[in-house]
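# A structural walkthrough
So you can see what is in the structure, the chains are spelled out below.
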Amino acid sequence: MSSPTPDHPFRTVAIVGLGLIGGSLARALAALERPPRVVATSQTASNLELAERAGVIDAGSTDPAAVLAGADLVVYATPLDVTLRLLAGHRGRWPAGAVVTDVVSLKGPVEDAIAALGESARYVGSHPMAGGEGSGFGHSAADLFAGATVWLTGRGVGAAALEVLWRAVGARPRWTTAPEHDRLMSWCSHLPQLVSNALARVLEESGHAPSDLGTGGADMVRLAGSSPEMWLPLLARSEAGAALRDIARAARELADALDRRDLEAIEDWMRSTRAWRAGDAGSRPSATRPSPAPRGIPAK
């Protein structure tokens, strides 16, 4: 068993789930100059075989008990509903002193489940803002977290160590609370996903194929290829409905301007959104400001 170093404060990291995120974390840890021992469990034997063949895990098994023993960090890289079920089932298998984290993009339900199990002292929530529409270990990449924000919640005993680990794989940790995080995700993660789905549906119904799109259009519908199985448990708890109604309002306003051939109004829209994209949102004319969105989450 390797010793902890400044690069990675954990000796043995157990990853539960070897899909895109779990597989990428295994690859990123294996790429460190002094990697920890990485063990993994997955219900998909092919993901374990691919990870073993790639040399990014030291041991793997479809039996969680075989890999959780001896771990000082357990990472749940599974969808929300699966994570909630596994936390309850694995509670007695976590070694004494082991830190538990997850990568689910809603933190409130996980924190509630951990609290109900009486394990809040060992839990720190993680949510890396990285990923893609692909799934499975075959889509994983060692540099997936490079430069990516990772939101951290909770203040379990392993909080400082977990922050060091995420920095070691190239991520930028930021601390927040579960309610603030989940509110932000409804607007900045769930909303883009649903808008991409809506755009793809409209294009399909109008008789257009993905091959008809240019690079910009292809970028906008990329998320339409995401897995429903991953998203549905999140959307069941999302507050993105209000955000979608704001999108509908904005679309109607733009459509009305087009119908009137009001190019001045359209130019105003485009200049203001271009300024927002460039980080100069204060230049937006007050007459076209939308209803206030939830406040951003400050770094802690």
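Scroll up to find the structure.
Read on for a plain summary of the structure.

Calculation rules
- Residues numbered from 1 in each chain as written.
- Predicted model: local features only at pLDDT ≥ 70, side-chain atom pairs only at ≥ 80, totals over all residues.
- Heavy atoms only, no water.
- Helix = DSSP H or I, 4+ residues; strand = E, 2+ residues; numbered from the N terminus.
- Buried < 20%, exposed > 50% of the residue type's maximum accessible area, 1.4 Å probe, protein only.
- Contact = heavy atoms within 4.5 Å.
- Areas by Shrake-Rupley, 256 points an atom, 1.4 Å probe, with all protein chains shown as cover.
- Pairing = 2+ DSSP bridges.
- Axes fitted to C-alpha atoms, helices over the stretch in contact; angles between N-to-C directions.
- Right-handed = clockwise from strand over helix to strand, strands pointing away.
- Salt bridge = Lys/Arg side-chain N within 4 Å of Asp/Glu carboxyl O.
- Core = buried A, V, L, I, M, F, W, Y, C linked by side-chain atoms within 4.5 Å.
- Parallel < 35°, antiparallel > 145°, perpendicular 65-115°, else oblique.
- Left-handed = near helix turned anticlockwise from the far one by under 90°.
- Phe/Tyr/Trp six-rings, centres within 6.5 Å; stacked < 30°, edge-to-face > 60°.
- Lys NZ or Arg CZ within 6 Å of the ring centre and 35° of its normal.
- Polar contact = N/O pair within 3.5 Å; in protein donor to acceptor, adjacent residues only side chain to side chain.

### Points about the overall build of the protein
- Tallying secondary structure elements over the protein gives 11 helices and eight strands in all.
- Burial statistics for the protein: of 300 residues in total, 42% are counted as buried.
- Restricting to contacts in the protein with at least 6 residues of sequence separation, those with at least 24 account for 68%.
- A total of about 15200 Å² of accessible surface is found on the protein, and carbon and sulfur atoms cover 54% of it.

### Concerning the sheet that holds strand β7 (residues 149–153)
- Ordered by their spatial adjacency, three strands build an open sheet running β6-β7-β8, and the pairing between neighbours is mixed. Each end of this open sheet is capped by a strand with a single partner; those strands are β6 (125–128) and β8 (172–175). The sheet shows a mean angle of 25° between the axes of neighbouring strands, direction not considered.
- Where β6 lies against β7, four bridges are found, and the strand directions are antiparallel. Opposite P128, over in β7, you have V150 as the bridge partner.
- This element, helix α7 (residues 178–205), spans β6 and β7 of the sheet and lies at about 145° to β7.

### Observations regarding the pairing of strand β2 (residues 37–41)
- β2 sits mainly inside the fold: four of its five residues count as buried.
- Here five bridges tie strand β1 (residues 12–16) to β2, and the two strands are oriented parallel to one another. Bridge pairing links V13 to V38 in β2.
- In this region the chain leaves β1, passes through helix α1 (residues 20–30) and returns to the parallel neighbour β2; the handedness of that crossover is right-handed.

### Overview of unusual backbone geometry
- Its identity is not glycine, yet R261 carries a phi of approximately 55°, on the positive side.
- Checked against the element boundaries, R261 lands in the loop between α10 (240–260) and α11 (263–277).

### What about the pattern of salt bridges?
- Summed over all chains, the structure comprises eight salt bridges.
- Ionic contacts of the salt-bridge type, sharing partners, join the residues R91, E119 and R122 into one network.

### Section: the environment of V39
- When you line up the elements, V39 lands in strand β2.
- Owing to a relative accessible area of 2%, V39 belongs among the buried residues under this scheme.
- Sequence spacing of V39 and L68 is 29 residues, and the spatial spacing of their C-alpha atoms is 8.2 Å.
- Discounting residues that sit within four places of it in the chain, V39 has contacts with T12, V13, A14, I15, A59 and V67.

### Some details on the nonpolar core
- Membership of the largest hydrophobic core comes to 35 residues, with the highest contact counts inside it found for I15, I57, F145 and W166.
- For this core, the elements supplying multiple residues, two or more each, are β1, α1, β2, α2 (45–54), β4 (73–76), β7 and α6 (159–168).
- For this core, the element with the most residues is α1, which contributes six residues.
- The contacts of W166, once residues within four sequence positions are left out, are L25, V103, S126, P128, F145, V150, L152, A171 and P173.

### Points about the sheet that holds strand β5 (residues 99–102)
- Strand order across the open sheet formed by five strands is β3-β2-β1-β4-β5, with parallel pairing between neighbours. At either end of the open sheet lies a strand with only one pairing partner, and these are β3 (59–61) and β5. Geometrically, the sheet is characterised by an average inter-axis angle of 20° between neighbouring strands, direction not taken into account.
- Direction of pairing for β4 relative to β5: parallel, over a ladder of four bridges. The residue of β5 that forms the bridge with V75 is T101.
- Packing of helix α4 (residues 80–90) onto the sheet brings it into contact with β1, β4 and β5, and relative to β4 it is tilted by some 150°.

### Thoughts on the packing of α7 against α10
- Contact pair α7 / α10: the axes reach a minimum separation of 9 Å and the direction vectors enclose 60°. Classified by the angle between their axes, α7 and α10 sit oblique to one another. Here α7 and α10 pass one another in a crossing that is right-handed. The residues of α10 that touch α7, namely those facing S186, W187, H190, L191, L194 and V195, are A240, A243, L244, D246 and I247.

### Points about the packing of aromatic side chains
- Taken as a whole and assessed by the stated rule, the structure comprises two aromatic pairs.
- The ring of W175 is capped by R155, whose NZ or CZ atom sits 3.9 Å from the centre of that ring.

### Remarks on the side chain of S42
- As for its position among the elements, S42 is in the loop between β2 and α2.
- Within the local environment of S42, its side chain forms a polar contact with the backbone nitrogen of T44, the two atoms lying 3.0 Å apart.
- The contact partners of S42, leaving out residues within four places of it in the chain, are L18, N47, L48, S61 and T62.

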